[in-house]
Amino acid sequence: MMSGPQLLSPQQQVPRSLWSLLCMTTLLLSSIQLTIASSTTSSDDNNGGKKDLSAGKLRQLAETALMERKFTDAESYYRQAISVEPTNSANHYKLYNLHKRMRSYGDALGDITTACELLEKNEDIDGSNSGKNKNKTMEYKRIKAKLLVNLGRCEDAVSEYKSLNEVNEDATNCAHVTNAALSAYQQSDWSSAIKHFGNVLTNYATLGDTPDLLYMKSQAEYNVGDYYGTISDTGKILKSYPQHLEAYQLRGEAYFRLNEMDMAQKHFREGLKLDPEHGGCKEGHRLLKKVTKNDKRGDAAFEKGEYKDAIGLWWGAMNVDIEHLAFVRPTLLKVVRAHLALKEYAKAEEECMKHVNNQESVEGLHLLGEVQSSAEKYQESLRSYQRALEIAPDDQKQHCKRKVEEAQVALKQSKEKNYYKILSVPRNAQLKEIKKSYRELALQWHPDKNTDNKEKAEQMFQDISEAYEVLSDKELREKYDRGEPVFENQGGGQQGQRHHMNPNQFFHQNFHQGGGQRQHHFRYG
């Protein structure tokens, strides 16, 4: 008996390998569907568990975020409300209030402008042109006009009030003063420009978001030499507009003029980070590097005792811009000190007088007094120190009084026995310099080397030894500098005073060298 056709199982109908592939595909599709569903659920949860929120609900969420000072969240909700109801002026007005609170005044102006335009075009969500909408339009336009005044855009504010058939005194006055400021600026009347811009910024444009007015005021301040004013106002610009290249350049130039080279370099480099090809910042940075490179090389040469090289390098730095007095004046004093170290007293005095004649300073007058004292112009030196005392601020008076007293002692000693003059060293000479000069002079005037003029040599040798003993002893030197007797029973003054030590013995003690160095053998007597 024949049986009917037998049904095959799916496994029997399809090859085993293909069947496995179909099963895996089914499982994969199921997994994808679950992932999509999970993602959709998560997205809904992140949106408060609701899809397609209404504009009203979004405004409520924005108000809640605003009360919690979550301004970024509030802004996002308001923008979503605008995307739902793009023609509802209320959405833009609420965003205006938020941006004003966030001090984003440029954005706030755009919001209130859009709100006004929507009402004027009768495109508000209610579609009506009722008296209520007309009143709201006027209210918004007054708000916009006031904001324009606060932003220093006073001509625009006047126009806004004119569209309302109104005259606003603040807007009119602000426009008048702004025009006066712009006129003075265009005519390079910098002082008047500063005055008028200051009036606008203080009394009308009070929100601080006025980069154009601030920049023009900063330029005017720079041109009258008010570099601190320039730095202050460009700083306000950069706080709100950190990519304002011209503000970086101008602020860098102001710091450069104040000889604050590190700060100048910082601002030029910040500008070049934003635009490596910015001409103003590139030129400012180039000049700064040229000045500071020569200045630092001059300092290094001076430290090595290469005084002539130092003078040349410092002049090279000054000649980059000889009118840059904040740099030239202190650098000129360094040149004076180099000439002083070279004992070029006439040249040192000439250069120091340039500094003093340009503008008197305590530092400059003190250095002039030092130069004149080294040149044995003791009376002139005293006058320089006295003048420094006259102009000194209170916190420098005591120091200046001591300098005057020292100059008086030097003048008195110049008429008696002057140990500094005997050793040919300045009054501020270091012990190393005093010792070197003593050795050279003692060898030069030793009686055994001056047999043809032995009497004068003996006197000079005695004075040289006496001067060295005093100036090489810290306590004796301090007494001498104060004008006090340095030896017992000395009485009044140094003149005629004979020292008690044997100069020949003193000479041999100070010239005896160990370590195989040369020894000098002279006979005294």
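Right above here is the structure, for reference.
Just so you know, these numbers come straight off a predicted model, no measurement behind them. (Residues numbered from 1 in each chain as written. Predicted model: local features only at pLDDT ≥ 70, side-chain atom pairs only at ≥ 80, totals over all residues. Heavy atoms only, no water.)

Draft legend 1. Fine view of unusual backbone geometry. In the Ramachandran plot, Arg103 falls in the positive-phi region, its phi being about 65 degrees despite a non-glycine side chain. Counting through the fold element by element, Arg103 comes out in the loop between helix H5 (89-101) and helix H6 (105-120). Phi is positive for Glu376, which is not a glycine, with a value near 65 degrees. In this structure, Glu376 sits in the loop between helix H19 (362-374) and helix H20 (378-391). (Helix = DSSP H or I, 4+ residues; strand = E, 2+ residues; numbered from the N terminus.)

Draft legend 2. Structural view of the side chain of Gln413. Position of Gln413 relative to the elements: it lies in helix H21 (residues 397-414). You can call Gln413 buried: its relative accessible area is 4%. In contact with Gln413, not counting residues within four places along its chain, are Asn418, Arg427, Tyr480, Asp481 and Gly483. (Buried < 20%, exposed > 50% of the residue type's maximum accessible area, 1.4 Å probe, protein only. Contact = heavy atoms within 4.5 Å.)

Draft legend 3. Summary view of the packing of helix H18 (residues 345-358) against H19. Between H18 and H19, the shortest axis-to-axis distance is 9 Å and the interhelical angle comes to 160 degrees. Looking at the two axes, H18 sits roughly antiparallel to H19. Note that H18 runs across H19; the crossing there is left-handed. On the side of H18, the interface is formed by Tyr345, Ala348, Glu349, Cys352, Met353, His355 and Val356, while H19 contributes Gly364, Leu365, Leu367, Leu368, Val371, Gln372 and Ser374. (Axes fitted to C-alpha atoms, helices over the stretch in contact; angles between N-to-C directions. Parallel < 35°, antiparallel > 145°, perpendicular 65-115°, else oblique. Left-handed = near helix turned anticlockwise from the far one by under 90°.)

Draft legend 4. The nonpolar core, seen in detail. One finds Ile112 and Leu147 to be the most contacted residues of the largest nonpolar core, which totals 67 residues. The dominant element in this core, judged by the number of residues it contributes, is H6, at 7 residues. Among all residues touching Ile112, those that are not within four sequence positions of it are Tyr93, Tyr96, Tyr140, Ile143, Lys144 and Leu147. Counting 22 residues, the second largest nonpolar core, distinct from the first, contains Tyr419, Ala457, Tyr468 and Phe487. (Core = buried A, V, L, I, M, F, W, Y, C linked by side-chain atoms within 4.5 Å.)

Draft legend 5. Region of interest: the state of the cysteines. Evaluation of the coordinates by the stated rule reveals 1 disulfide. Across a sulfur-sulfur distance of 1.7 Å, Cys154 and Cys174 are joined as a disulfide pair. Of this pair, Cys154 sits in helix H8 (residues 154-163) while Cys174 sits in helix H9 (residues 169-186), and the two are 20 residues apart along the sequence. Across this residue pair, the class does not change: Cys154 and Cys174 are buried. (Disulfide = S-S within 2.5 Å.)

Draft legend 6. Focus on the pattern of salt bridges. Inspection of the entire model under this criterion finds 32 salt bridges. Residue Glu349 is joined to Lys377 by a salt bridge in which the shortest nitrogen-to-oxygen separation is 2.9 Å. Residue Glu349 is found in helix H18, and its partner Lys377 is found in the loop between H19 and H20; the two are separated by 28 residues along the sequence. You can call Glu349 buried: its relative accessible area is 15%. With a closest N to O distance of 3.3 Å, Glu376 and Lys421 form a salt bridge. (Salt bridge = Lys/Arg side-chain N within 4 Å of Asp/Glu carboxyl O.)

Draft legend 7. Main features of the packing of helix H14 (residues 261-274) against helix H15 (residues 279-303). In the contact formed by H14 and H15, the axes pass within 9 Å of each other and the chain directions differ by 150 degrees. Pair H14 / H15 crosses with left-handed handedness. Touching Met261, Ala264, Gln265, Phe268, Arg269, Gly271 and Leu272 of H14 are Cys281, Lys282, Gly284, His285, Leu288, Val291 and Thr292, all from H15.

No statement about biological role is implied by the geometric values presented.
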